[in-house]
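Examination of the molecular architecture
Chain by chain, the residues run as shown.
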Amino acid sequence: MAMIQCPECGKEISNTAKACPNCGYPLQKGKKQLSIKWIGIVAAVALLIFGSILFVLSNKLSDMEQKEVDYVTAAISNIGEVNIQSGSKIAEAEKLYNELSKKCQHHVANYKELLEARETYNDYKAKETSELIDQIGDITLDDHMIINEAKKSYDALSEEQKKLVKNYEQLIAAIEKITDLEIENAKSKIAAIGTVTLESEDVIKEARASYDKLTEDEKSEIENYNDLENAENEYEQLAVNNCISLIDSIGIVTLDSKSKIDEAQKMYNSLSKKSQEKVTNYLMLTNASSEYAKLAKEEEDKEKTLNQGDSFSTSNWEVTYKKANITAKILPNNTSGYYIYYYANDDETFIDIIFQIKNVNTDILKIEDMIGNCEVEYDGNIIKKNYGLYTSSGSHIDKVYMWDGLDALDSTTLHVAINMPRELQTNDKSVIVKLTIAGEEKIIKVR
């Protein structure tokens, strides 16, 4: 017989006893319960081990998931030392992290670095705004820009960053102060208009600008706004009357009328569209402008017009206009004996404009380069025309090619031959040539 301890009272009893003689604990049933208890413990341990294995297996990353985690981890590491310029890197890393699955997020080992980076960056942004607010100082109307800059900086912060700005109340007080100053400024500028004259335009515009930049609530505090409107209406009427008088004073248009026309036009342009409609003689102004433009163009054309024998000089050339012919033949200077000439096609003729040219430069100059744009005004039309160039010396005449030049201080006769319809020879219609020669635009009245 062996001795065992009672599971209930702990006293030694025989292992053959069916119950403890001391406490009555049923020993055979206890053995059965003990077995069940151990079975439960073993099962729990087994379940714990199985769960652990299952947890490890379920959290194992696939190759694609591992790449995603590595990419986010690298993005966080790429933030580096945080400064005021780090916002975009932090935001990008946060965006990439938030796009991960919960499973992958658990594997981002440096996520704490991202949280710390965001916290540091928020401090920088809040400090930047706080410093702008501290710069405001004593408030005058000139501080409008710096207050707006501080307000704009604050508004751009996130809610977390705004909570870190400890001097926000200082900004609010500055905004209220500058608002009061701007309201008083608008009132003062309106009051300063006084009696309206034609010289009141600038002071009225200043008052209007001061009023218009106020908010609707601020405008409601301008008690003398009606004075501004009345001044504007009164000035507009004075300006309309003055504009009508200025137009009337133009009179007969001459080349000396430009200043009067410009003054009247400037006054008209300064009027509102509604007031412009009240200028009853505006047609006189448009007619005067057109007439002056015509006279000015005629005067300009006179200065450009070459008459037979006229000369002009540039840095490279001396040019003398000799004459212009309407002819089918381009003839040399000397036709008393044997000579060469150039003949137009059967249905064409030439406007042959003849110049005497001299190279006053120290280098050889290409003859072809001295002639540019060519237009012919004929039969009511202005036509851009091609032309041929010929040089003449004695009884000899030659076509000008691109390689032909004129030596320094040398002279020659130059023909500018413009192809025209053969009918030009038999009618008397006006022919005017506009020609760029030696870099200057010239007008030649052929007939």
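The structure contained in this document is the topic of the report that follows. Since this is a predicted model, take the numbers as computed values, not measurements.

Each value, and the rule that gives it
- Residues numbered from 1 in each chain as written.
- Predicted model: local features only at pLDDT ≥ 70, side-chain atom pairs only at ≥ 80, totals over all residues.
- Heavy atoms only, no water.
- Helix = DSSP H or I, 4+ residues; strand = E, 2+ residues; numbered from the N terminus.
- Rg over C-alpha atoms; globule rule 2.2 N^0.38 Å.
- Buried < 20%, exposed > 50% of the residue type's maximum accessible area, 1.4 Å probe, protein only.
- Contact = heavy atoms within 4.5 Å.
- Areas by Shrake-Rupley, 256 points an atom, 1.4 Å probe, with all protein chains shown as cover.
- Lys, Arg positive; Asp, Glu negative; His and termini not counted.
- Charge placed at Lys NZ, Arg CZ, Asp CG, Glu CD.
- Expected span 1.5 Å × (residues − 1).
- Salt bridge = Lys/Arg side-chain N within 4 Å of Asp/Glu carboxyl O.
- Pairing = 2+ DSSP bridges.
- Axes fitted to C-alpha atoms, helices over the stretch in contact; angles between N-to-C directions.
- Parallel < 35°, antiparallel > 145°, perpendicular 65-115°, else oblique.
- Left-handed = near helix turned anticlockwise from the far one by under 90°.
- Nonpolar A, V, L, I, M, F, W, Y, C, P; charged D, E, K, R; others polar.

**Section: the overall build of the protein chain**
- Scanning the protein chain from terminus to terminus reveals 14 helices and 16 strands.
- By the compact-globule yardstick of 22 Å for 447 residues, the protein chain is too spread out, its C-alpha radius of gyration being 51 Å.
- C-alpha extents for the protein chain along the principal axes are approximately 170 × 75 × 40 Å.
- Taken across its 447 residues, the protein chain has 34% of its residues classed as buried.
- In the protein chain, the share of contacts with a sequence separation of at least 24, taken over all contacts with a separation of at least 6, comes to 66%.
- Surface accessibility of the protein chain: about 27700 Å² in total, with carbon and sulfur atoms responsible for 51%.
- In the protein chain, 52 side chains carry a positive charge and 75 a negative one; their mean positions are 10 Å apart.

**Focus on helix H3 (residues 87-99)**
- With 13 residues, H3 should cover 18 Å at 1.5 Å per step; its first-to-last C-alpha distance of 18 Å lies within 8% of that length.
- Every buried residue belonging to H3 is among Gly87, Ile90, Ala93, Leu96 and Tyr97, and all of these are buried.
- Where H3 is buried, its residues contact helix H2 (63-77), helix H4 (102-105) and helix H5 (111-134).

**A few points about the pattern of salt bridges**
- For the coordinates displayed, the defined rule picks out 19 salt bridges.
- A salt bridge links Lys205 to Glu201; the nearest nitrogen and oxygen atoms lie 2.9 Å apart. A residue pair is termed a helical-turn pair when its members lie 3 or 4 positions apart in one helix, as Lys205 and Glu201 do in helix H9 (residues 201-212) at four residues.
- Among the salt bridges present, the one from Asp301 reaches Lys297, with a minimum N-O distance of 3.0 Å. Of this pair, Asp301 and Lys297 both sit in helix H14 (residues 282-304), four residues apart, which is roughly one turn of the helix.
- One salt-bridge network, in which partners are shared between bridges, spans Glu184, Lys187 and Glu223.

**Re the sheet that holds strand S16 (residues 440-445)**
- Strands sit in the order S10-S9-S15-S16 across an open sheet of four strands; the sheet is antiparallel. Each of the sheet's edge strands pairs with one partner strand only, and the pair in question is strand S10 (381-384) and S16. Direction aside, neighbouring strands of the sheet carry axes that sit 20° apart on average.
- The pairing of strand S9 (residues 371-378) with strand S15 (residues 431-437) spans six bridges and is classified as antiparallel. Residue pairing across strands places Tyr378 opposite Val431, the latter belonging to S15.

**Here's the deal with the packing of H3 against H5**
- It is at 10 Å that the axes of H3 and H5 come closest, and there the two elements cross at 140°. With respect to H5, the element H3 is oriented oblique. For the element pair H3 and H5, the recorded crossing hand is left-handed. Contact with H3, carried on its side by Gly87, Ile90, Ala91, Ala93, Glu94 and Tyr97, involves Tyr111, Leu114, Ala117, Arg118 and Tyr121 of H5 and no other residues of that element.
- Looking at the contact of H3 with H5 residue by residue, the classes come out as eight nonpolar, one polar and two charged.

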